[in-house]
Amino acid sequence: MDLGSAYAACRRVNARYGKTFFLATMLLRPEQRPAVHALYAFARWADEIVDAAGVADRAGELDRLERLLEKAPSNPVLHALADTTNRYDIDRSLFTDFLASMRMDLDVTEYADLDALGVYMHGSAEVIGLQMLPVLGTVVPREEAEPYAARLGTAFQLTNFLRDVGEDLDRGRVYLPQDVLAAHGVDRDLLQWCRLHRRANERVQRVLDDLVAHSYAIYQSAEPGVDMLSASSRPCVRTAYTLYRDILGLVGCEVLWRRVAVPNWRRLAVAAPGAARALLARVTSPGASG
């Protein structure tokens, strides 16, 4: 199987389904991008299995996917992923933990509190940051940067939960912690009513405001980790950090019936300085990987 074609297939998946993230990856060194695309494409594959309404045995498909990780690569995504994992010495247990959280999505439809949600997000979010870290490179010992990479993965995941409340409801899931909902007199039925009638609700808005504030705090605690990355990787991560955090400013009750997104003009305004910094990093430290 041609490795270049395998990575190209992963790039197409990233470009189609992860537009904001894909824009940020363009600020990486060309030699770093294929690995990031491979990691994204694998995560997307598992996510598609979980959300596929027409798949009778989704648990069986996830088991099959995990078994395929241990065998010779049988398709482009796995071929690219195997090369990335070997090239950057990525801990295989991170993929096991990721698939464990994907299995939770098959049965768990709500979470009692942020601690319970955190168990899920370890595999669904923290490990993504940890998978990325060897590719991005660091200027400190990797273990020093790992907590910040994990935290940033959590911040991105919380942002997705807030942006996708309505879509998740349609899949039968509520990622907003039940104790936060109850504190404001909100339940699943009220969320569904708001989605059905496209109507805002003050109690729902207070829930969203609380969780937006919590998410902002996670971003703030993760930010020192950006400067621990290799100089060539910082513009990419800084751009992703800024654009995903911007989504929080758009979160209101309308997330229950429509998908909010950062406007294209804002994406370009954030990405352009990042591109200049990325170019400068390449000029001043050619070939560096961290």
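Further up the page is the structure itself.
Read on for a plain summary of the structure. (Residues numbered from 1 in each chain as written. Predicted model: local features only at pLDDT ≥ 70, side-chain atom pairs only at ≥ 80, totals over all residues. Heavy atoms only, no water.)

**Details of the overall build of the chain**
Part 1: Helices and strands together make up the secondary structure of the chain, namely 14 helices and 0 strands.
Part 2: Dimensions of the chain, computed from C-alpha atoms along their principal axes, come out at roughly 55 × 45 × 30 Å.
Part 3: For the chain, the proportion of its 290 residues judged to be buried stands at 48%.
Part 4: Once local pairs closer than 6 in sequence are excluded, the contacts in the chain between residues at least 24 apart make up 73%.
Part 5: Taking the 34 positively charged and 37 negatively charged side chains of the chain as two groups, their mean positions are separated by 8 Å. (Helix = DSSP H or I, 4+ residues; strand = E, 2+ residues; numbered from the N terminus. Buried < 20%, exposed > 50% of the residue type's maximum accessible area, 1.4 Å probe, protein only. Contact = heavy atoms within 4.5 Å. Lys, Arg positive; Asp, Glu negative; His and termini not counted. Charge placed at Lys NZ, Arg CZ, Asp CG, Glu CD.)

**Let's talk about the side chain of Ser230**
Part 1: By the element assignment, Ser230 lies in the loop between helix H12 (202-222) and helix H13 (234-248).
Part 2: Of the polar contacts made by the side chain of Ser230, one reaches the backbone oxygen of Leu136; its length is 2.5 Å. (Polar contact = N/O pair within 3.5 Å; in protein donor to acceptor, adjacent residues only side chain to side chain.)

**Points about the side chain of His79**
Part 1: By the element assignment, His79 lies in helix H5 (residues 76-88).
Part 2: Looking at His79, the relative accessible area reads 18%, which means it is buried.

**As for a negative patch on the surface**
Part 1: A cluster of acidic residues, Asp89, Asp91, Glu143, Glu144 and Glu146, forms a negative patch at the surface.
Part 2: Mapped onto the secondary structure, Glu144 falls in helix H8 (residues 142-163).
Part 3: Overall, the relative accessible area of 40% leaves Glu144 in the partly exposed class. (Patch = residues over 30% accessible without salt bridge, like charges linked within 9 Å, V, L, I, M, F, W, Y side chains within 5 Å. Areas by Shrake-Rupley, 256 points an atom, 1.4 Å probe, with all protein chains shown as cover. Salt bridge = Lys/Arg side-chain N within 4 Å of Asp/Glu carboxyl O.)

**Quick notes on the pattern of salt bridges**
Side chains carrying opposite charge are able to pair once their charged atoms draw close together.
Part 1: Summed over all chains, the structure comprises 17 salt bridges.
Part 2: Put simply, Asp105 and Arg173 hold a salt bridge, and the shortest N to O gap is 3.9 Å. Here the residue Asp105 occupies a position in helix H6 (residues 93-107), and Arg173 occupies one in the loop between helix H9 (165-170) and helix H10 (178-183), the gap between them amounting to 68 residues.
Part 3: What makes Asp105 buried here is its relative accessible area of 6%.
Part 4: Residue class for Arg173 comes out buried when judged on its relative accessible area of 6%.
Part 5: One salt bridge in this structure joins Arg188 and Glu110, with 3.3 Å as the shortest N-O distance. You can see Arg188 sitting in helix H11 (residues 188-197) and its partner Glu110 sitting in the loop between H6 and helix H7 (114-136), a full 78 residues away along the chain.
Part 6: When salt bridges with common partners are traced through the structure, they connect Asp51, Asp105, Asp168, Arg171 and Arg173 into a single cluster.

**Observations regarding unusual backbone geometry**
Part 1: Positioned with a positive phi, Asp89 is a non-glycine residue whose angle comes to about 55 degrees.
Part 2: When you line up the elements, Asp89 lands in the loop between H5 and H6.
Part 3: On the accessibility criterion, Asp89 (58% relative accessible area) is exposed.
Part 4: One non-glycine residue, Arg198, lies in the positive phi region at around 55 degrees.

**Considerations on the packing of helix H3 (residues 33-51) against H6**
Part 1: The interhelical angle for the contact between H3 and H6, taken along N-to-C directions, is 25 degrees, at an axis separation of 9 Å. Judged by the inter-axis angle, H3 sits roughly parallel to H6. Seen along the crossing, H3 lies across H6 with a hand that is right-handed. Residues Leu39, Phe42, Ala43, Ala46, Asp47 and Val50 of H3 form the contact with H6, whose own contacting residues are Phe95, Phe98, Leu99, Met102, Asp105 and Leu106.
Part 2: When its residues are assigned to classes, the contact of H3 with H6 shows 10 nonpolar, no polar and 2 charged. (Axes fitted to C-alpha atoms, helices over the stretch in contact; angles between N-to-C directions. Parallel < 35°, antiparallel > 145°, perpendicular 65-115°, else oblique. Left-handed = near helix turned anticlockwise from the far one by under 90°. Nonpolar A, V, L, I, M, F, W, Y, C, P; charged D, E, K, R; others polar.)

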